[in-house]
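Commentary on secondary and tertiary structure
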Amino acid sequence: KESPMHTCSKCHIAKPFVEFRSTNLQTCKACQCLAAKESNKTPMGLIRRIYGNQRMTCRKMNRPLPNYSCKELQQWVHDQPHFQTLYTDWVNSGYQKELIPSIDRIENHKSYTLTNIQLVTWQTNLKNQKTQNIAGTFLHTGSKAVRQLDPDGTLIMEHPSISCAMRHIKGKSGTVSNISNVCNGKWPTAYGYRWEWA
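Residues numbered from 1 in each chain as written. Predicted model: local features only at pLDDT ≥ 70, side-chain atom pairs only at ≥ 80, totals over all residues. Heavy atoms only, no water.

Things to note about the nonpolar core
It is characteristic of soluble globular proteins that their nonpolar side chains tend to be buried jointly. L73, W76, V77, I103 and I117 are the most contacted members of the largest nonpolar core, which has 19 residues in total. Of all the secondary structure elements, the ones that give two or more residues to this core are α2 (43-60), α3 (70-79), α4 (83-92) and β4 (117-121). Here the element with the most residues in this core is α2; it accounts for 5 residues. Apart from residues no more than four positions distant in its own chain, V77 is found in contact with I47, F83 and I103. (Core = buried A, V, L, I, M, F, W, Y, C linked by side-chain atoms within 4.5 Å. Buried < 20%, exposed > 50% of the residue type's maximum accessible area, 1.4 Å probe, protein only. Helix = DSSP H or I, 4+ residues; strand = E, 2+ residues; numbered from the N terminus. Contact = heavy atoms within 4.5 Å.)

Structure (structure tokens):
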């Protein structure tokens, strides 16, 4: 038995119903996907996609969501004097990934706020991440904040990640297993301190 067919209002091709989403029987999935890709190339679509990625990153890292709305971010981006130049360069390059306008946090261990973001290219954003990663200050998706306590249990300070804690007490990034062993209850102390997950 043949599957029921339906004609897409965009490409005008008759296709099986499985090629359509139940929420939209007018346009087939392929045409919807193509339209979404084209929309993401517009300034408005690009910013919406960036905002969505920011919220997804915050959820994955258990961080506070951006303290601004998508509309506020759109206004902030359009107020940046070099946005149009970055956007035009990206379009003229044929939409090369390296030149996509991107938003980078100035201080990586802090959340997204309008005072803690800067407009750069995707390539520059990646370069900044690599620099911070070498310095031990970049927070990965799995990074968890830790509290540093003295042997009596008095809080000394909180670090955004174990790598940042290592950088603070040792002057360089080292093995993180010692601190995580304390946090997980396997060891009593590490480097002369007690540690716990924040």
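So that's the structure; there's more coming.
Here we look at α4
What α4 keeps buried is the set F83, L86, Y87 and W90. Buried residues of α4, seen end-on, are gathered within an arc of 95° and therefore sit on one face of the element. Lining the buried residues of α4 we find α2, α3, β3 (101-105) and β4. (Arc of directions from axis to C-beta.)

Considerations on the side chain of D104
With respect to the helices and strands, D104 occurs in strand β3. Within the buried core, D104 has no salt-bridge partner, and the shortest N-O distance to an opposite charge, that of R105, equals 6.0 Å. One polar contact links D104 to N128, side chain to side chain, over a distance of 2.9 Å. When sequence neighbours within four positions are dropped, the list of residues in contact with D104 reads N116, I117, Q118, V120, N125 and N128. (Lys, Arg positive; Asp, Glu negative; His and termini not counted. Salt bridge = Lys/Arg side-chain N within 4 Å of Asp/Glu carboxyl O. Polar contact = N/O pair within 3.5 Å; in protein donor to acceptor, adjacent residues only side chain to side chain.)

Here we look at the packing of α2 against α3
The N-to-C vectors of α2 and α3 enclose an angle of 125°; their axes lie 10 Å apart at closest approach. As summarised for this structure, α2 and α3 are arranged oblique, according to the angle between their axes. The two elements α2 and α3 meet at a crossing, and its hand is right-handed. Each of P43, M44, I47, R48, Y51 and Q54 in α2 lies in contact with α3, whose residues at this interface are C70, L73, Q74, V77 and H78. (Axes fitted to C-alpha atoms, helices over the stretch in contact; angles between N-to-C directions. Parallel < 35°, antiparallel > 145°, perpendicular 65-115°, else oblique. Left-handed = near helix turned anticlockwise from the far one by under 90°.)

Here's the deal with the pattern of salt bridges
Two side chains that carry opposite charge are able to pair once their charged atoms sit near each other. The tally for this structure, following the rule as stated, stands at 4 salt bridges. Its salt-bridge partner being E107, residue K110 comes within 3.2 Å of it at the nearest N-O pair. Its relative accessible area of 39% is what places K110 among the partly exposed residues. Of the charged contacts, one joins E196 and R147 as a salt bridge, the two residues approaching to 3.6 Å between their closest N and O atoms.

Let's talk about the environment of P16
Summarising the element assignment, P16 is placed in strand β2 (residues 14-16). Between the C-alpha atom of P16 and that of C183, which follows or precedes it by 167 residues, the distance is 55 Å.

Here's the deal with unusual backbone geometry
Leave glycine aside and you will find that most residues have negative phi; peptide bonds, for their part, are mostly trans. One non-glycine residue, Y95, lies in the positive phi region at around 65°. With respect to the helices and strands, the residue Y95 is situated in the loop between α4 and β3. Assessed through its relative accessible area of 33%, Y95 is described here as partly exposed. One non-glycine residue, Y191, lies in the positive phi region at around 60°. Looking at where Y191 falls in the secondary structure, it is placed in the loop between α7 (177-183) and β7 (194-197). The class for Y191 is partly exposed, based on a relative accessible area of 29%.

Quick look at the sheet that holds β7
If you trace the 3 strands from one edge of the open sheet to the other, you get β6-β5-β7, paired in antiparallel fashion. Strands at the two margins of the open sheet, each flanked by one partner only, are β6 (155-159) and β7. On average, each strand axis in the sheet is inclined to that of its neighbour by 25°, with strand direction left out of account. (Pairing = 2+ DSSP bridges.)

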